[in-house]
Amino acid sequence: MRCGDNGAIHKQQEETMDTIGSYLEADHVRCDALFADARQAVRVGLWREAGRALATFRHALERHLLIEERIVFPAFENAVGTTSAPTAAMRSEHLRIRGVVQRLANALTERDTEAFLIHADTLGIVLYQHSEKEEGVLYPMIERVLAASCHRLVEAMQAFGAMDELASAA
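About the thresholds
Residues numbered from 1 in each chain as written. Predicted model: local features only at pLDDT ≥ 70, side-chain atom pairs only at ≥ 80, totals over all residues. Heavy atoms only, no water. Helix = DSSP H or I, 4+ residues; strand = E, 2+ residues; numbered from the N terminus. Core = buried A, V, L, I, M, F, W, Y, C linked by side-chain atoms within 4.5 Å. Buried < 20%, exposed > 50% of the residue type's maximum accessible area, 1.4 Å probe, protein only. Contact = heavy atoms within 4.5 Å. Axes fitted to C-alpha atoms, helices over the stretch in contact; angles between N-to-C directions. Parallel < 35°, antiparallel > 145°, perpendicular 65-115°, else oblique. Left-handed = near helix turned anticlockwise from the far one by under 90°.

Once that is clear, we can look at unusual backbone geometry. Phi is positive for Arg111, which is not a glycine, with a value near 50 degrees. Topologically, Arg111 is positioned in the loop between helix 4 (86–109) and helix 5 (113–145).

Once that is clear, we can look at the environment of Arg70. Its place among the elements puts Arg70 in helix 3 (residues 47–80). C-alpha separation for the pair Arg70 and Phe160, spaced 90 residues apart in sequence, amounts to 9.9 Å.

Right, let's talk about the nonpolar core for a bit. Counting 27 residues, the largest nonpolar core has Leu54, Phe57, Phe116 and Leu123 as its most contacted members. The biggest single contributor to this core is helix 3, with eight residues. Apart from residues no more than four positions distant in its own chain, Leu123 is found in contact with Phe35, Phe57, Ile97, Val100, Val101 and Leu104. Counting residues in hydrophobic clusters, the runner-up holds 21 residues, among them Leu66, Ile71, Phe73 and Val154.

Moving on to the packing of helix 3 against helix 4. Axis separation between helix 3 and helix 4 bottoms out at 11 Å; the angle between their running directions is 165 degrees. In terms of their interaxial angle, helix 3 and helix 4 are classed as roughly antiparallel. In the packing of helix 3 onto helix 4, the handedness of the crossing is left-handed.

Don't take any of this as a statement about function, it's just geometry.
What follows is the structure, encoded as structure tokens:
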């Protein structure tokens, strides 16, 4: 489903505008690649590179989670009139994800390859299951409910990302 399938959008805007789901799904792919970089650096014992890679991954992941928690989920909850929607379960999973990422960081600080890789395996499974739920169920539901405001939300997500990139560059 593309944003605003109501035909009221200029063709050029429609071609350049992502859907909520496609934007967030592409971000999942980006975060997964950054996570793989950190995991690989630890496997080969490149601790300094692993530290940079994990920091980059953590930053990207946190940005992604905040986009969902501060922009997408509140808009959805407001539209359906409840915070006990599926977004509550996703927020709970976000806490679990953050906890496992912290354990990764602790293992990296201790240069404990075995602990890092065990936590990395756990995180890989948790992220896969989480992404499957979001991409297969939640994002399509959100897009149906928020079809009228989809473009505005994608613009807000892009702006959040752009502000984050500017802050990182400073």
